[in-house]
Amino acid sequence: MTHPPGASGGAHPFLPVSALLGGALAMVVGSAWLLADPATLTSYLGAPTAVALTHLFTLLCVTLVYVGTLQQLPAVLLVTDLAWTRLGFVALPLLVVGGAALVHGFAAGFRPGALAAGGLAVTVSLALVAAQTLRTARRSPPRDAASRGLVTAVCYLALTVAFGTLLAGARSSPALASSVGYAPALHQTTGLIGAFLLGIAASGHKLLAMFALSKGGSAWRVTAIAWLVHACVAASLAAALAPVVGWPPAAARAAYAVATVALCAAGALQVVEVGALLKRRLRKRLEAPVQRYVLAHAFLPYAGVLLASGHGEAAVVAALLGFVGLAVSGMLVKILSFLTWTAAFGSAPRRAAPPPLLRELARPRLEPVITVGLATGAVLAPLAVVTLSTPVAALAGAALLAGAGAQLWQAVTVVWRALGPDPGRPLEAVTTR
Amino acid sequence: MTTTVELVERDAAVPAAEALRTLQEVLDPELGVDVVNLGLVYAVTVEGAAVCVRMTLTTPGCPLHASIEEQVRGALSRLPGVDHAAVELVWDPPWTPMAMTAEGKRQLGFL
């Protein structure tokens, strides 16, 4: 047997599998929290509970899944072995412990000790992951826009936490605030746009083409999205620094306007790119998790409409829960199937029976519950923010909990089906094609 | 364009065409279509009792490569007269969905 070097050289599957399961569990906890305390969405979104809930979702759900995936995806996209394959055994626990400390610190009323410890742990964790990704990219430099975009997005992820730590420091130290400013918008923009939008656009360009058997989208669009993201973050940085360096308020407003235009253009291009990939696909009926990934992009125009109508906070909720949440959920089930299948059957000795197909690892009947639950929750949550309606927020929490619960069940099913005591045993008839 | 498979025989213990037919037992676990009808097989060379298959995967770095290679070697080894089976994995030319045969497209519901 001969094959090109590094055909697939990710970390031990335990790392990404446990991260993806942890992310699914965090989504359940966050949804239950929202259902138990729906006023979180209808009161001031800078309040401790709202900030804690946001960080539970962004750090312990989205980022955990993201970082878990990064223990395999760079090796696939860059076609090389992952650098420091055991680094995840340090980075992932640090992220979980640090993220939990941050959520606790926020929920307890911005407790400085927990925030400092958690912020430090998460910063170190994501710095390690960024270093790992950059080192991997150095071994095999990215040759296409999608791979370059993914590497850049990982750097933005680390930068987001650095900005967040600065933000926390500025909150408790007037001296620091006067020297670096206090700019939550910069932290949010770097995370939501730099890390999540660019990461989804870059990895999705490859993964959607692969799962939909598409003849491919346009690399120039992915490159343009990356440059628009850079422009958005740079303009947000300028807007944040304007008061510190003494620029007139008009300059800050102009920078903010540039950031908004770049953000909207990047989102619109991503929608066009996904549309182009789908238009050129050969696989007419997409699998349910891939449909969910595609559906996520409907939340970009939804967020755009909310932003244009002056509901910036609701737009952020729509983008986070709808776009990021559904995209991550779709890829979570697909990637978990790949990871567990590979671990169970990839290099096993010859078997009497052929291994199952990947789609046979999941329960098809859970997929509509996941999609409808998460999508309904993501539609209702921004509406609750706009209308200040606690019942709508409770409904959003209930829908999200139903979707997240089904997602966790699906994730556990996939893992159990592949890695349990009787791997490959059929669950039920599968007709997905 | 559908992939054309190169068949080479030198004092072959089994016909290369038969080895190719055997590879239709090997399914891509993601798509559920065999590797021949997916257009992943580029060449089958039979020299005496040794069979070598030059093939690709749907994407470079495909995490399923080890299993697919193992299944290909296993299927070939079960052929009577074959005592050595090898897989050469290549990325050039890269696979595209257009490499699938009409049967592969039919199985995936494209036709």
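Here the structure is a predicted model, which means the values were calculated and not measured.

Engineer: Any chance you could explain the overall build of chain B here in plain terms?
Structural biologist: Of the regular secondary structure elements, chain B holds 3 helices and 4 strands. Whereas a compact globule of 111 residues would reach a radius of gyration of roughly 13 Å, chain B reaches 13 Å, a difference of no more than 12%. Expressed as lengths along the three principal axes of its C-alpha atoms, the size of chain B is roughly 40 × 25 × 25 Å. Taken across its 111 residues, chain B has 49% of its residues classed as buried.

Engineer: Sorry if this is basic, but what is going on with the overall build of chain A here?
Structural biologist: Looking only at helices and strands, chain A has 16 helices and 0 strands in total. Rg of the C-alpha trace for chain A: 21 Å, near the compact-globule value of 22 Å for 433 residues, within the 12% margin. The principal-axis extent of the C-alpha atoms belonging to chain A is close to 70 × 50 × 45 Å. Contacts in chain A between residues far apart in sequence, at least 24 positions, make up 81% of those at least 6 positions apart.

Engineer: Where do I start with the interface of chain B and chain A in this structure?
Structural biologist: Frequently, the measure chosen for interface size is the accessible area that the parts lose on association. Taken residue by residue, the interface counts 27 residues in chain B and 29 residues in chain A. Within the residue set of the side of chain B that touches chain A, elements represented by two or more residues are α2 (65-77) and β4 (84-89) of chain B. Element by element, the count of residues in the side of chain B that touches chain A is highest for α2 of chain B, at 6 residues. Classifying every residue of the side of chain B that touches chain A gives 14 nonpolar, 9 polar and 4 charged.

Engineer: What is the right way to look at unusual backbone geometry in this model?
Structural biologist: Most of the time, phi is negative for any residue but glycine, and the peptide bond is trans. Across the junction of D92 of chain B and P93 of chain B, the peptide omega takes the value 5°, indicating a cis bond. One non-glycine residue with positive phi stands out, namely L213 of chain A, at about 50°. Residue placement: L213 of chain A occurs in the loop between α9 (184-211) and α10 (219-245). With 23 C-beta atoms packed within 10 Å, L213 of chain A lands in the buried category.

Engineer: What is the right way to look at the sheet that holds β4 of chain B in this model?
Structural biologist: Across a sheet, paired strands are connected by hydrogen bonds in the backbone, their directions being either parallel or antiparallel. Residue and element names in this part refer to chain B. With mixed pairing, the 4 strands of this open sheet are ordered in space as β1-β2-β3-β4. Of all the strands in the sheet, the pair left with one neighbour each is β1 (6-10) and β4. For this sheet, the mean inter-axis angle between neighbouring strands, taken without regard to orientation, is 10°. With 6 bridges joining them, strand β3 (residues 50-55) and β4 adopt parallel strand pairing. By the bridge assignment for β4, V51 is matched with A85. Where α2 meets the sheet, its contacts fall on β3 and β4, and the angle it forms with β4 comes to roughly 150°.

Engineer: Mind showing me how you'd approach α2 of chain B here?
Structural biologist: For an α-helix, 3.6 residues make a turn, and residues three or four places apart therefore share a direction. When the terminal C-alpha atoms of α2 of chain B are compared, their 18 Å separation across 13 residues agrees well with the 18 Å that a helix rising 1.5 Å per residue should span. Taken together, the buried positions of α2 of chain B are occupied by H65, S67, I68, E69, E70, Q71, V72, A75 and L76 of chain B. Looking at the buried positions of α2 of chain B, the neighbouring elements they touch are α14 (312-346) of chain A together with α1 (16-22), β3 and β4 of chain B.

Engineer: Where do I start with the packing of helix α7 (residues 145-172) of chain A against α10 of chain A in this structure?
Structural biologist: Describing two packed helices takes the angle between their axes plus the distance from one axis to the other. All names here are of chain A. Where α7 contacts α10, the axes come no closer than 9 Å and their chain directions differ by 20°. Judged by the angle between their axes, α7 and α10 are roughly parallel. Between α7 and α10 lies a crossing whose hand is left-handed. Along its contact with α7, which presents A145, A146, R148, G149 and T152, the element α10 presents A219, V222, T223 and A226. Grouping the amino acids of the contact of α7 with α10 by side-chain chemistry returns 5 nonpolar, 3 polar and 1 charged.

Engineer: Help me out: how do you make sense of the confidence of the model for chain A in this one?
Structural biologist: Atomic detail in the predicted coordinates should be set aside for any region of low pLDDT. Residues and elements named next belong to chain A. Residues with a pLDDT of 70 or more make up 94% of chain A, whose mean pLDDT is 90. Looking at the elements of chain A, mean pLDDT is at its lowest for helix α8 (residues 174-180), recorded as 75, and at its highest for helix α15 (residues 366-387), recorded as 98. A low-confidence stretch, residues 1-7 stays under pLDDT 50, and its non-local contacts, those more than four residues away or across chains, total 16 contacts. Considering only residues more than four positions removed or in separate chains, one finds that residues 428-433, a stretch of pLDDT under 50, has 11 contacts.

About the criteria used
- Residues numbered from 1 in each chain as written.
- Chains lettered and ligands numbered in written order.
- Predicted model: local features only at pLDDT ≥ 70, side-chain atom pairs only at ≥ 80, totals over all residues.
- Helix = DSSP H or I, 4+ residues; strand = E, 2+ residues; numbered from the N terminus.
- Rg over C-alpha atoms; globule rule 2.2 N^0.38 Å.
- Buried ≥ 20, exposed ≤ 12 C-beta atoms within 10 Å, placed from the backbone.
- Contact = placed C-beta atoms within 7 Å.
- Nonpolar A, V, L, I, M, F, W, Y, C, P; charged D, E, K, R; others polar.
- Pairing = 2+ DSSP bridges.
- Axes fitted to C-alpha atoms, helices over the stretch in contact; angles between N-to-C directions.
- Expected span 1.5 Å × (residues − 1).
- Parallel < 35°, antiparallel > 145°, perpendicular 65-115°, else oblique.
- Left-handed = near helix turned anticlockwise from the far one by under 90°.
- pLDDT = per-residue confidence, 0-100.

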